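So the chains spell out like this:
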Amino acid sequence: MPTLPRCLWSILPLVLLASGLSAQEQPKFRTDANQDSNLPWFQLVDGEFPPDGAGHAISGELISLDHVERRFRIRVDRDDTQDKGRLDLPLEGDMLPYGSIYYLGAPAALQDIPLGTHLHGLFFLEDPQAKADKPDGPYGRTTKDVNFRRCLRLEDDFSFYARQNQTWRIDEVNLDEMTLTATLHQAGKPLGDTRAFDLLSSTRVFQGTGFATLKSIKVGQEVLFNLTWATLYGPGRVQELWLDPASRDLASELQRNQHHVHTRDRGLAGWIDAVDDYKRTVTITFFDGVDPVLFEELDDTHEKPHGWPFSYPEDDPQAPKGGICVARESLMTYDPVNDRKGGNILEIKSIPKQPGSSGVQIQVKCGMLLEGFRPGGIIRFYPATWKVVALPREEQYYGRE
């Protein structure tokens, strides 16, 4: 080893420490923020939530869906990185079990989103062992992002911009040419260039608690809208337009109510972290994409169960209760009316949130452990206060084995 001057030996540990910290700060995988092609994209690990910032953003228009399997197809937006022969090609997406969907600024199910809606998604590479068919375009071509199949988050334009506290400020309205010119704003400051969108005679305009007309659109209004035909012939066609906070709040409230109905009928989704066979206890972490109000219904013994953690003795007759159903990765259950097993909720607590995780965890004392109650297994949980009804036949996996 070469000799170093005495003064350098004294600072060498600091240099090595700094270089070590620098190395730790560097991402170990490629991201949208760090497009180093020498780094691999993050590959999901079974039974683990992904790190923040690891997903790849892809946007496009919803052109088909299978809501039971939580599978969809989008026509990918055009951008400057695509060859002309690869424009407007489809991408097949599967919602991850912990993947969340938002529509009109509230949690949603895939069937809530109309075909033709422009969507923003965060995707991960498909399972290396997967043998799924690729959606072919003309001449067998595929989009460059065809391998990004697993979706962590899917949201419409309304939700995408509302989540970031952004609105479009109208600069000009021309009803003769049916165009709307607007600039994206955040905290009163413009973001990017002004864009010219197409208006349609069928564009639905909302104001206050009701409908409005195209003539209600005025310069200076701060609006949100959902697009269709985005990037085909410009920024896109305005499909729906909300002119004021009141109309946007009402749209979100109605969608949130729809989400409540859907979730109470089908149960809270999560996965099993641990099972104690001797004590017959199951520890569950719930997935993200759920209105937090629904988690309050896990415990009907307290007026305001925001002060988690709560814990209860195993034999406490006052402990909240619930039933667990085994589910597939698509979150489809088998026969929830007859297949639920559960008992007392022994503990409800908050854990650190991660992408895909709600940050809510419970432990349940079960009267019987089913074969599907294994660590990593996907489940649906029904608080005892929720009425369990038979789902439509196509949503039950019973009989398809």
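Every residue gets a number counted from 1 within its own chain, in the order that chain's sequence is written. Where totals are concerned, whole chains, interfaces and linings use all residues; where local detail is concerned, this predicted model gives features only for residues with pLDDT of at least 70, and gives and counts side-chain atom pairs only at 80 or more. Neither water nor hydrogens contribute to the side-chain values; these are computed over all heavy atoms in the structure.

1. What about the overall build of the protein chain?
Argument step 1. Secondary structure elements are taken from DSSP: a helix is a run of H or I of four residues or more, a strand is a run of E of two residues or more, and numbering for both begins at the N terminus. On a plain count of helices and strands, the protein chain comes out with five helices and 20 strands.
Argument step 2. Dimensions of the protein chain, computed from the C-alpha atoms along their principal axes, are close to 75 × 75 × 45 Å.
Argument step 3. In this scheme, a residue with accessible area under 20% of its type's maximum is buried, one over 50% is exposed, and one in between is partly exposed, where area comes from a 1.4 Å probe on protein chains only. When burial is assessed residue by residue, the protein chain has 47% of its 401 residues classed as buried.
Argument step 4. For this analysis, residues touch if any pair of their heavy atoms sits within 4.5 Å. Partitioning the contacts of the protein chain with sequence separation of at least 6, the portion at a separation of at least 24 is 65%.

2. Concerning the packing of aromatic side chains
Argument step 1. Think of it this way: a Phe, Tyr or Trp ring, Trp meaning its six-membered ring, pairs with another when their centres are within 6.5 Å, and the plane angle makes it stacked under 30 degrees, edge-to-face over 60, tilted otherwise. By the definition in use, this model includes 22 aromatic pairs.
Argument step 2. Measuring from ring centre to ring centre gives 5.2 Å for W168 and F197, while their planes differ by 85 degrees; the resulting arrangement is edge-to-face. Here the residue W168 occupies a position in strand β7 (residues 166-174), and F197 occupies one in strand β9 (residues 189-198), the gap between them amounting to 29 residues. Per residue, the accessibility class of W168 equals that of F197, and both read buried.
Argument step 3. Whether a charge lies above a ring is judged from NZ of Lys or CZ of Arg, which has to be within 6 Å of the ring centre and within 35 degrees of the ring normal. We note R237 situated over the ring of W229; from NZ or CZ to the ring centre the distance is 3.8 Å.

3. Here's the deal with the side chain of Q239
Argument step 1. Looking at the secondary structure, you find Q239 in strand β13 (residues 237-242).
Argument step 2. With a relative accessible area of 17%, Q239 lands in the buried category.
Argument step 3. Those residues in contact with Q239, other than ones at most four positions away along the chain, are G116, T117, S202, T203, R204, N226, L227 and T228.

4. Points about the environment of L268
Argument step 1. As for its placement among the helices and strands, L268 is situated in strand β14 (residues 268-276).
Argument step 2. For L268, a relative accessible area of 0% gives the class buried.
Argument step 3. Sequence separation of L268 and G137 is 131 residues, and the distance between their C-alpha atoms is 37 Å.
Argument step 4. If we skip the residues at most four places from it in the chain, L268 touches T263, F286, V290, L294, F295, L298, I379, R380, F381, P383 and W386.

5. Some thoughts on helix α3 (residues 245-266)
Three or four residues apart is the spacing at which side chains of an α-helix point the same way, because the helix has 3.6 residues per turn.
Argument step 1. Here, expected helix span is obtained from the residue count minus one, scaled by 1.5 Å. An ideal rise of 1.5 Å per residue puts 32 Å on 22 residues; α3 measures up with 31 Å between its terminal C-alpha atoms.
Argument step 2. Taken residue by residue, α3 has S247, R248, A251, S252, Q255, H259, H260, H262, T263 and R266 as its buried positions.
Argument step 3. Once α3 ends, the next one or two residues include G267, with phi positive near 90 degrees.

6. What about the nonpolar core?
Argument step 1. The definition of a nonpolar core used throughout is a set of buried Ala, Val, Leu, Ile, Met, Phe, Trp, Tyr and Cys residues joined through side-chain atoms within 4.5 Å. Among the nonpolar cores identified, the biggest contains 43 residues, and F72, L180, I217, F225 and L241 are the most heavily contacted of them.
Argument step 2. Residues contacting F72, with those up to four places away along its chain left out, are L62, S64, L65, L91, E92, G93, D94, M95, L110, F123, C151 and L154.
Argument step 3. With 21 residues, the next largest nonpolar core counts I284, F286, I348 and V364 among its residues.

7. Things to note about the confidence of the model for the protein chain
Argument step 1. One confidence number per residue, pLDDT, is output by the predictor and ranges from 0 to 100. Averaged over the protein chain, the pLDDT score is 90; the fraction of residues at 70 or greater is 91%.
Argument step 2. Between residues 1-24, whose pLDDT stays under 50, and residues either more than four places distant or in other chains, the model counts three contacts.

8. A look at the pattern of salt bridges
Where charged atoms from two side chains of opposite charge approach closely, those side chains can pair.
Argument step 1. Each salt bridge in this description consists of a side-chain nitrogen of Lys or Arg and a carboxyl oxygen of Asp or Glu lying within 4 Å of one another. Applying the stated rule across the entire model yields 17 salt bridges.
Argument step 2. Salt-bridge contacts for R75 lead to E61; the nearest nitrogen and oxygen are separated by 2.6 Å. Note that R75 is positioned in strand β2 (residues 71-76) and E61 in strand β1 (residues 56-66), a separation of 14 residues in sequence. Note on accessibility: R75 and E61 belong to one class, buried.
Argument step 3. The salt bridge partner of R149 is D94, with a shortest N-O separation of 2.6 Å. Here R149, found in strand β6 (residues 148-156), pairs with D94, found in strand β3 (residues 90-103); they are 55 residues apart in sequence, far enough to count as distant. For the residue pair R149 and D94, the accessibility class agrees, reading buried in each case.

9. Focus on the pairing of strand β5 (residues 118-125)
Argument step 1. β5 sits mainly inside the fold: eight of its eight residues count as buried.
Argument step 2. At least two DSSP bridges between two strands are needed for those strands to be called paired. One ladder, built from six bridges, connects β1 with β5; its direction is antiparallel. Note on β5: the bridge partner recorded for G60 is L119.
Argument step 3. Where β5 meets β6, seven bridges bridge the pair, whose relative direction is antiparallel. Each residue of the ladder has a partner; that of F123, found in β6, is C151.

10. Quick word on a negative patch on the surface
Argument step 1. Among the surface-exposed residues, D46, E48, D127 and E329 lie close enough to one another that they form a single negatively charged patch.
Argument step 2. Topologically, D127 is positioned in the loop between β5 and β6.
Argument step 3. A relative accessible area of 32% means that D127 is categorised as partly exposed. Residues enter patches when they are more than 30% accessible in relative terms and free of salt bridges; like-charged ones are connected within 9 Å and nonpolar ones (Val, Leu, Ile, Met, Phe, Trp, Tyr) within 5 Å. Per-residue and other accessible areas were derived by the Shrake-Rupley procedure at a 1.4 Å probe size, with only the shown protein chains allowed to occlude residues. Two residue types count as positive, namely Lys and Arg, and two as negative, namely Asp and Glu; His and chain ends fall outside the count. In this description, the location of a charge corresponds to atom NZ of lysine, CZ of arginine, CG of aspartate or CD of glutamate.

11. What to know about the environment of I170
Argument step 1. Its location among the elements puts I170 in strand β7.
Argument step 2. Taking the C-alpha atoms as reference points, I170 and T203, 33 residues apart in sequence, are found 16 Å from one another.
Argument step 3. Sequence-distant contacts of I170, defined by excluding residues within four places in its chain, comprise L180, T181, A182, I217, K218, V219, G220, Q221 and V223.

12. A short note on the state of the cysteines
Argument step 1. The disulfide criterion used throughout: a pair of cysteine sulfur atoms within 2.5 Å. Summed over all chains, the structure comprises zero disulfides.
Argument step 2. Of all cysteine sulfurs in the structure, the one in C325 sits closest to C366, which takes part in no disulfide; the separation is 11 Å.
Argument step 3. Residue C366 is classed as buried on the basis of its relative accessible area, which comes to 1%.

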